Amino acid sequence: MESAQPPLYPHYLPAQLTATIGRSQEIATIATQLLRPDRRLLTLTGPGGVGKTRLALEAALGLLKHFHDGVFFVSLAPLRDPVLVIPAIAQALHIEEVPHQPLLARLCEYLHEKHLLLILDNFEHVLTAGNQISELLANAPHLHVLATSREVLHIYGEYELTIHPLEVPDLSVSSSEQNIASFAAVTLFVERAQSVKPGFTLTPENMQTIAQICTQLDGLPLAIELAAARVKLLPPQAILSRLHSRLSLLTGGARNLPARQQTLRNTLDWSYDLLTEAEQRMFRRLGVFVGQWTLEAAEAINKDAEIEPFDLLSSLVDKSLIRPVEENTGELRFMLLETIREYALDRLDAQNECEAVQRRHAQYYIHLAERAERYLQGVDQHRWLRRLDRESANLWTALHWTIERKEIVLGLRLAGALVGYTQYRRLLNEGRNWFEELLASDKSIPSEAQEARNKVLYGAGIIASSRHELTLAQERLTESALFAATIEKPIIQALSYGMLAQLELHQGNYDHAWQHAEKGMQALEGNEDRWCRGILHNICGKVLNKQGKVRQSRTRHHISLMLLRESGDLFSQADVLVNLGSTMRLQGRLRSAQIFYQHSLQLFQEIGDRWNRTTCLNCIGDILRLEGNYGEAQTTFQESLSLATTLGYKQEKANALTGLGQVAICRGDMTTAARYLKESLRLTREMGHTPGIALLLLGLGDLERLRDSLPKAIDYYEQCLSLARASGDRLTMAGALFGLGDSARRQSQLERAILLLKQSIHLCWELEDKLGLTIALEAFASLCQQAGLPERSVQFFGAVGALHDTLQVPRTPAQEAAYEQEIATLRTELNETAFQENWGSGWSMALHLVLALIATIRLPAQSAHNQQSRPPAYPAGLTAREVEVLRLVAAGMTDARIAETLILSPRTVNTHLRSIYAKLGVSSRSAATRFAITQHLA
């Protein structure tokens, strides 16, 4: 029998590589405090190096089961500005920044119903952000915060727990009277010493010395660990001698520093003085790095070192001043504890080296970004995106330094190289702030930086477009295109025109979009850059699709995919696959569309793109809905909605809401559908997305039509049609014309219905919109039945049946019920033989012949005179069509002439005659003629 697995609880806590020693009482106290409903903010205070972070993590592990929405760890140490605290929390919770909405408000909304624990580590240097934490707590009643800081946050509702150093032996008491080995500080020293010197043990000979070391270090865990690391080279007695001398010399220190900080500074001074001159130089220079760095980066800021940087790093690792961080990529990276990093920076400043080392730091990351830029369009795209993700803190630090020091040329180079990265990772706020600040500089730009400035203009345009700042986007992209032409940079020129085309698409200006797309292609004449050509072909395909030129669109997308596969750009390939899937969906090839969407989703997941994952999920949900898998569709749309909401991706959030509304319509839940669709319309209007607005007006029209609220439906359809005509969106026009036509049919305005439905069917045929064509053709078949044309109605229903069989798109339950009722009525109105003959005729008829037949349909005179009158009862059970045939027989017409007059096949006429003869009990045309005359039918 298998043992039960322990329950898993969500958490995002860094793993501890060594055991926590001597802190069981503090851990229990933290847990008790945090489990009280009135203790929602607990701050662990104490000197740097006392172990606040370790305690917070250890306590959090024991609280996992009590916080069902997870335990999240946020390191504030890398931050240099309090305004970055909220973005750091959002990043830990996977909530992205969005345009025009304060991130704090988004966090409050997200956390409102969450029951989670947030650990905010190293708060002391961002204390002014305390008010924002207070606002989070006020808006999230189930949120608990555990902060670590050298100082309380000074906000209402805060409870402080001071973390004291580890207990140390009492030197006034002899070793025989106390168990020195039982003291946590001694245990910590011994265990850390054994990590650098495995044979080290606590012996009667060294026991008292180690007790003295721990006592001299005030039981501070960090100081003890640093001292224990010296055991590799120095015996405990030598360590004690140095430590005693150094602490005695620096006792008291600067009066403007807290006492606990003086103690730690003394310890770090001692550790620093043990280093060689080369090690000291390396150590203090490493303080310029934020977060983690690589060996290559360390070498770049120590180019003048006489000793190999790797050897220096190894020595500093051995002395516990820096920590190695091995990632799952196999790449070795390093980091400084924040307290030690601050000390290193102080030392760097004291040596007047800050300016020079920070310049080296910036230059290294400029070269790194420029190297990465070359690979972001190729087969190594994924690897370099991940590399830039890991380096992002240092990249933004370097960019900030260039702006702060007015090094505009360096700033333009770095920002220009990061354009692709900001686009792929949608770094909307960071990118906008830095790019716009660089562009606002009045400093003249030398010729060698002109291309970099051009890139920044282009990047600023992309970001403004993504933030829906359409006017700014237009200005930046237009300037970028013109400037690129001036300095003869065709790639940037083409890309700028391509983005202008997409900007016009967003606003529904399809003709202008095509003009820009053409200019982009023209800029590439004579240029063999296959990647850029692939991007422009994809954009051209998008525009052509919106213009209703589906075959040309599909061709462009296939060319684009071929070129992008050659270059290896996974991101852009995935985008093309979405567009191809949409083309397949339009043509009713749902399985092909699903394959394209799934492949695109796989590629976006591979490169870590969560934004476009929402796009794919919405597309897949749409296919599931069309296939009748409403439960799976709803789950998929809800997954997309959740992710889009977390990311703040307004466009795909609106699309997810639309999808959920359509699923609700299919299920007959019109109230829920209306709520989803109206919320989506609100968001879409906020974005100024004209095509999306038109589609949502169309969806609301469909909703009201199915509710039989025809005046409301017509109003929505007319608004939709007006927008679609203004932008040239023929696909949406076809949908609006269908809605208006079917509404007219339901109101028995048959002449208007015939006109509108014919227009819709014609557009759907031209656009290869088989799904739309099927729906409109079915409505036209119903219209023919209402107009007294039952044979034509059955023929068109037969054609619809053939289409449905090809598309394999089921009707909704409500549609199926209405369809079955109409078919039953037609079977009653026509005899079974005539029904089957006309059904078979429609089923086998080519679509272009069906459309030709539709073009000949006119409203019969009687129906035109009184569209709502009930058909008269005829003698002998004759149907209206049989009476028409009988009248023409009595007029002396041959079967062929009757077929021509009634637009029927000769075979259908013969079927009607056999039915007439059977009902009248006659066997000749003359007998049938006599009946017609006597019954006043002739």
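Treat the numbers as computed from the prediction; the structure is a model and nothing was measured.

Thresholds applied
Residues numbered from 1 in each chain as written. Predicted model: local features only at pLDDT ≥ 70, side-chain atom pairs only at ≥ 80, totals over all residues. Heavy atoms only, no water. Helix = DSSP H or I, 4+ residues; strand = E, 2+ residues; numbered from the N terminus. Rg over C-alpha atoms; globule rule 2.2 N^0.38 Å. Contact = heavy atoms within 4.5 Å. Lys, Arg positive; Asp, Glu negative; His and termini not counted. Charge placed at Lys NZ, Arg CZ, Asp CG, Glu CD. Core = buried A, V, L, I, M, F, W, Y, C linked by side-chain atoms within 4.5 Å. Buried < 20%, exposed > 50% of the residue type's maximum accessible area, 1.4 Å probe, protein only. pLDDT = per-residue confidence, 0-100. Phe/Tyr/Trp six-rings, centres within 6.5 Å; stacked < 30°, edge-to-face > 60°. Lys NZ or Arg CZ within 6 Å of the ring centre and 35° of its normal. Pairing = 2+ DSSP bridges. Right-handed = clockwise from strand over helix to strand, strands pointing away. Salt bridge = Lys/Arg side-chain N within 4 Å of Asp/Glu carboxyl O. Axes fitted to C-alpha atoms, helices over the stretch in contact; angles between N-to-C directions. Parallel < 35°, antiparallel > 145°, perpendicular 65-115°, else oblique. Left-handed = near helix turned anticlockwise from the far one by under 90°. Nonpolar A, V, L, I, M, F, W, Y, C, P; charged D, E, K, R; others polar. Polar contact = N/O pair within 3.5 Å; in protein donor to acceptor, adjacent residues only side chain to side chain. Expected span 1.5 Å × (residues − 1). Disulfide = S-S within 2.5 Å.

I'd like a description of the overall build of the protein chain, backed by residues and values.
When its secondary structure is counted, the protein chain shows 45 helices and nine strands. Here the C-alpha radius of gyration of the protein chain, 38 Å, is well above what a compact globule of 938 residues would show, namely 30 Å. Overall, the protein chain is about 135 × 70 × 50 Å in size when its C-alpha atoms are taken along their principal axes. In the protein chain, of all internal contacts separated by at least 6 residues, the share reaching a separation of at least 24 is 69%. Each charge class in the protein chain was averaged separately, 95 positive and 103 negative side chains, and the resulting centres sit 5 Å apart.

Any details on the nonpolar core? Residues and values, ideally.
Formed by 141 residues in total, the largest nonpolar core has its most connected members in Phe283, Leu286, Trp293 and Tyr365. Non-local contacts of Trp293, meaning those with residues more than four positions away in its chain, are made with Leu286, Ala298, Leu313, Ile322, Arg333, Phe334, Met335, Leu336 and Tyr365. Counting 65 residues, the second largest nonpolar core, distinct from the first, contains Ala674, Leu681, Leu789 and Val850.

Go over the confidence of the model for the protein chain, please, and point to the residues and values.
Overall, the predicted model of the protein chain reaches an average pLDDT of 87, with 93% of residues at or above 70. Ignoring residues within four places in sequence, the model shows residues 245-263, a span with pLDDT below 50, making 19 contacts including any to other chains. Counting contacts from residues 864-870, a segment whose pLDDT is below 50, to residues more than four positions away or on other chains yields nine contacts.

Can you explain the packing of aromatic side chains? Please cite residues and give values.
Going through the model one piece at a time under the given rule, you end up with twelve aromatic pairs. Ring geometry for Tyr375 and Trp384: centres 5.3 Å apart, planes at 5 degrees, overall stacked. An aromatic cluster is present here, built from Phe289, Trp293, Phe334, Tyr364 and Tyr365 joined pairwise through their rings. Here Arg39 stacks its cationic end above the ring of Tyr159, 3.8 Å away from the centre of that ring. Over the aromatic face of Tyr649 sits the side chain of Arg426, whose NZ or CZ is 4.5 Å from the ring centroid.

Outline the pairing of strand β5 (residues 144-149), supporting the account with residue identities and numerical values.
Extensive coverage of β5 is indicated by the burial of six of its six residues. Burial of the side chains of β5 extends over both faces: His144, Leu146 and Thr148 are buried on one face and Val145, Ala147 and Ser149 on the other. Relative to β5, strand β2 (residues 41-45) runs parallel, the two sharing five bridges. Across the sheet, residue Thr43 finds its bridge partner in β5, namely Ala147. Note: strand β4 (residues 117-121) against β5, four bridges, orientation parallel. Following the sheet pairing, Leu120 is matched in β5 by Ala147. For the crossover that starts at β4, traverses helix α5 (residues 130-139) and ends in the parallel β5, the hand is right-handed.

Quick rundown of the pattern of salt bridges? Include the residues and the values.
Under the defined criterion, the tally for this structure stands at 48 salt bridges. Between Asp742 and Arg745 there is a salt bridge; the shortest N-O distance is 2.8 Å. Within this pair, Asp742 and its partner Arg745 are both found in helix α34 (residues 730-746), separated by three residues, close to a single helical turn. Each of the two residues, Asp742 as well as Arg745, counts as buried. The network of salt bridges with shared partners includes Asp702, Arg705, Asp708, Asp742, Arg745 and Arg746.

I'd love a proper account of the packing of helix α26 (residues 570-586) against helix α27 (residues 590-606), names of residues and values included.
Interhelical geometry of α26 versus α27 gives an angle of 160 degrees and a closest axis separation of 8 Å. Relative to α27, the element α26 lies roughly antiparallel. The handedness of the crossing between α26 and α27 comes out as left-handed. Seen from α26, the contacting residues are Leu570, Phe571, Gln573, Ala574, Asp575, Leu577, Val578, Leu580, Gly581, Ser582, Met584 and Arg585; seen from α27, they are Leu590, Ser592, Ala593, Phe596, Tyr597, His599, Ser600, Leu603, Phe604 and Glu606. For the contact of α26 with α27, the class distribution of residues is 13 nonpolar, six polar and three charged.

Would you mind going over the environment of Pro169 in detail, with residue names and values included?
When you line up the elements, Pro169 lands in the loop between β6 (158-162) and α6 (184-196). Sequence separation of Pro169 and Ala181 is twelve residues, and the distance between their C-alpha atoms is 9.2 Å. Once you skip the residues sitting within four places of it in the chain, Pro169 turns out to touch Gln178, Ile180, Phe183, Val186, Ala211 and Thr215.

Got a sec to walk through the sheet that holds strand β9 (residues 332-335)? Specific residues and values, please.
Spatial ordering of the open sheet is given by β7-β9-β8, a layout of three strands whose pairing is antiparallel. Because the sheet does not close on itself, it has two edges, and the strands there are β7 (292-294) and β8 (323-326). With strand direction ignored, the average angle separating the axes of adjacent strands in the sheet is 40 degrees.

Talk me through the side chain of Asn302; I want residue IDs and the actual numbers.
Tracing the backbone shows Asn302 in the loop between α12 (295-300) and α13 (309-318). Among the residues examined, Asn302 registers a relative accessible area of 3% and is labelled buried. At a separation of 3.0 Å, a polar atom in the side chain of Asn302 contacts the main-chain carbonyl oxygen of Ala298. Among all residues touching Asn302, those that are not within four sequence positions of it are Arg281, Met282, Arg285, Pro309 and Arg360.

Let's hear about the environment of Val409: which residues, and what values?
Structurally, the position occupied by Val409 is in helix α17 (residues 408-417). Classification of Val409 by relative accessible area gives partly exposed; the value is 28%. Separated by 29 residues in sequence, Val409 and Leu438 place their C-alpha atoms 9.2 Å apart.

Tell me what's going on with unusual backbone geometry, and back it up with residues and numbers.
Within the chain, Lys406 stands out as a residue other than glycine whose phi angle is a positive 60 degrees. In this fold, Lys406 is placed in the loop between α16 (381-404) and α17. Judged by relative accessible area, Lys406 falls into the exposed class, the value being 58%. Phi angles above zero are rare outside glycine, and Glu488 is one such case at about 60 degrees. Turning to its location among the elements, Glu488 is positioned in the loop between α21 (470-486) and α22 (490-506). By relative accessible area, Glu488 is classed as exposed at 65%.

Any chance you could break down α26 for me, citing the residues and the numbers?
Taking 1.5 Å per residue, 17 residues should reach 24 Å; α26 reaches 25 Å between its end C-alpha atoms and fits that length. Counting buried positions along α26 yields 14 of 17 residues, so the element is predominantly enclosed. Capping the start of α26 is the job of one residue whose side-chain oxygen sits 3.1 Å from the backbone nitrogen of Phe571: Asp569. Gly588 sits one or two residues past α26 and shows a positive phi near 80 degrees.

Break down the packing of helix α1 (residues 24-34) against helix α2 (residues 52-61) for me, citing the residues and quoting the values.
Look at α1 against α2: their axes get within 9 Å of each other, and the N-to-C directions meet at 60 degrees. In terms of their interaxial angle, α1 and α2 are classed as oblique. The interaxial crossing formed by α1 with α2 has right-handed handedness. Of the residues in α2, those in contact with Glu26, Ile27 and Ile30 of α1 are Leu55, Glu58 and Ala59.

So what about the pairing of β4? Which residues, and what values?
Counting buried residues along β4, five of its five residues qualify, which places the element largely inside the surrounding structure. Side chains of β4 alternate between two faces, with Leu117, Ile119 and Asp121 and Leu118 and Leu120 buried alike. Here strand β3 (residues 71-75) pairs with β4 via five bridges, running parallel. Along β4, the bridge assignment pairs Val74 with Leu120.

Report on helix α4 (residues 103-111), specifying residues and quantitative values.
Among the residues making up α4, those that are buried are Leu103, Leu104, Arg106, Leu107, Cys108 and Leu111. Where α4 is buried, its residues contact α3 (85-92), α5 and α29 (630-647).

Describe the environment of Ala485, and please don't skip the residues or the numbers.
By the secondary structure assignment, Ala485 is in helix α21. When the C-alpha positions of Ala485 and Ala523 are compared, they lie 8.4 Å apart, and in sequence the two are 38 residues distant.

How would you summarise the state of the cysteines if you had to cite specific residues and measurements?
Enumeration according to the criterion identifies zero disulfides in this entry. Lacking any disulfide linkage, Cys532 is separated from the closest cysteine sulfur, that of Cys540, by 11 Å. Residue Cys532 is classed as buried on the basis of its relative accessible area of 0%.

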